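One-letter residues, chain by chain:
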Amino acid sequence: MSALFDHLPELWQGLVVTLQMTVVSFAGAVVVGLVIVAMRVGPVPVLRAVATVYVEVLQNLPLLVLLVLAVFGLPEIGLEAGLTTTAVVVIALYEGAYIAEALRSGVNAISAGQGEAARALGLTFGQSLRHVILPQALRTVVQPIGNIFIALTMNTSLAAAVGVVELTAAANRVNLLEAQPIPIFVGAGLAYAAIAACAGFVTGRLERRLAVAR
Amino acid sequence: MMIRVRGLNKWFGDHHVLHDVDLDVARGEVVVVIGPSGSGKSTLCRCLNRLEAADSGEILIDGVPVPEEGRALARLRADVGMVFQNFNLFQHKTVLENVMLAPMKVRGVSRAEAERTARELLARVGIAEQAGKQPARLSGGQQQRAAIARALAMRPKVMLFDEPTSALDPEMIGEVLDVMTGLAADGMTMVVVTHEMGFARRAADRVVFMDGGRIVETGEPNAFFDSPRTDRARDFLAKVLTH
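None of the values given here were measured: they were computed from a predicted structure.

Visitor: Outline the overall build of chain A, listing residues and values.
Guide: From N to C terminus, chain A includes ten helices and zero strands. In chain A, the succession of helices and strands from N to C terminus is α-α-α-α-α-α-α-α-α-α. In terms of overall dimensions, chain A has a C-alpha envelope of 70 × 45 × 20 Å along the principal axes. The buried share among the 214 residues of chain A stands at 45%. A fraction of 77% describes how many contacts in chain A between residues 6 or more apart in sequence connect residues 24 or more apart. Only carbon and sulfur atoms are counted for the fraction: they give 69% of the accessible area of chain A, which is about 10500 Å². Computing the positive centroid from 11 side-chain charges and the negative centroid from 11, chain A places the two 20 Å apart.

In structure tokens:
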């Protein structure tokens, strides 16, 4: 146990990095997801195709591969950014594909009549999406998006593999000094579990508050 | 001429739903379209504001050809009100917000003015006290009247009604038809697809009878209902008017 408590400052620093990465990459993923779903359900065939390819490619590649490619490949073509920044951007782009798919299932759950009524009133496609379709779609996918948030939190630990010192990497470093993997990784695991539990609590509350009578 | 349709054809796959349809609707005229299910009357109605794209033919609204998808089409739709069989009120907004949305976002009307107009319209259709409720809390008849108010809030040149009472319980049909009769009396140009023969007789300037994707007969309502000229119309009326 002392192995864990003696190194609280390093572990705490790792947790802070994990939280920062989670929040920023989730915000990015939501933006990416909204853009991709707007393209994917929109009337322009080229944009639909681009969005479909985007989702298929990013969902079908392991995040670790994407992280390694970005961290070691981008500098080769002259794109240099900090390790953490690179990891956050890659995670945001990757999870954005999942958010887009969750949102699309929400859009599909809204009856076609809602969009028809919006367009019949003279709203453009973008306005219909923004004021009528997406607000309703979001309400139906709060739970899946909460799950994506939790998965994203866990996925930030893959950044450890490319050198970002977040919670998992910090725990690993402490373990190299102390050789006490059980208390150290159980401690780190509990921290991840706490983040996930908070996310579950918030999505549960949101879902009840946003419930729409049908 | 408010609406002018020439040589309209529409297929759903192999099914030829509209067959060289011609239709003129004058300003202020109330045209009621009747006919058996599957006769193409709803599709015709939906083609008028391009919710369905016609395969050939031309449609002019107030002298302007209905544009392809895009902003010009949105502008045209803003002037053409539509009321649906299933109301299609925005489920996540209150009744008042439903009526205010399009005037604010499409016409750029201020919130205060949009709200004033919306409340007036809700009072006119008799549901002023429901303004703050979500649509699902209203009866079908109230929802349809809210949907009519929502369409009227855009001050449309013409109103399309696609079977507006077909999803309603019998005791609620009257309240919706009363609102529509009032609109007709106020001089609104209307195209009404319906099975309500009483309304057709009372409110229509002209009845259009469709069957098999064609306009089979058209005429002034009393003449049409009392002495239809075609066998098909006579058959149809015999079936719907006997009970």
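Visitor: Which residues make up the confidence of the model for chain B, and what are the values?
Guide: Counting all residues, the mean pLDDT for chain B is 94, and 100% of those residues have values of 70 or more. The ipTM assigned to the predicted complex is 0.92, against a pTM of 0.87.

Visitor: Describe the packing of helix H8 (residues 142-155) of chain A against helix H10 (residues 181-210) of chain A, and please don't skip the residues or the numbers.
Guide: All names here are of chain A. The contact between H8 and H10 brings their axes to 9 Å, and the two run at 165°. If you check the angle between H8 and H10, you find them roughly antiparallel. Handedness of the crossing formed by H8 with H10: right-handed. Between H8 and H10, the residues in contact are Val142, Gln143, Gly146, Phe149, Ile150, Thr153 and Met154 and Tyr192, Ile195, Ala196, Ala199, Thr203, Leu206, Glu207 and Leu210, respectively. Here the residues of the contact of H8 with H10 are counted per class, giving ten nonpolar, four polar and one charged.

The rules we used
- All residue numbers here refer to positions counted from 1 along the written sequence of the relevant chain.
- Chain letters and ligand numbers both follow the written order, the letters beginning at A and the numbers at 1.
- Per-residue local features of the predicted model are confined to residues with pLDDT of at least 70, and side-chain atom pairs are confined, for both listing and counting, to 80 or more; whole-chain, interface and lining totals are unaffected and use all residues.
- Hydrogens and water are ignored here; the side-chain numbers use all heavy atoms of the structure.
- The numbering of helices and of strands both runs from the N terminus, where a helix is a DSSP run of H or I of at least 4 residues and a strand a run of E of at least 2.
- The buried label applies to any residue whose accessible area, calculated with a 1.4 Å probe on protein chains only, is under 20% of its type's maximum; exposed applies above 50%, and partly exposed to all values in between.
- Contacts were defined at the residue level, with two residues in contact if any of their heavy atoms lie within 4.5 Å.
- Only the protein chains shown count as cover for residues, with accessible areas throughout obtained via the Shrake-Rupley method and a probe of 1.4 Å.
- Working convention for charge: Lys and Arg count positive, Asp and Glu count negative, and His plus the chain ends are omitted.
- Where a charge lies is defined by one atom per residue type, namely NZ (Lys), CZ (Arg), CG (Asp) and CD (Glu).
- How sure the predictor is of each residue is captured by pLDDT, a score from 0 to 100.
- Working convention: axes come from line fits to C-alpha atoms, limited for helices to the stretch in contact. Angles between N-to-C directions cover 0 to 180 degrees.
- Should an angle fall under 35 degrees it is called roughly parallel, over 145 degrees roughly antiparallel, and 65 to 115 degrees roughly perpendicular, with every other angle called oblique.
- Whether a crossing is left-handed or right-handed is set by the direction in which the near helix is turned from the far one by less than a right angle, anticlockwise for left-handed and clockwise for right-handed.
- Basically, the charged four are Asp, Glu, Lys and Arg, the nonpolar ten are Ala, Val, Leu, Ile, Met, Phe, Trp, Tyr, Cys and Pro, and anything else, Gly included, counts as polar.

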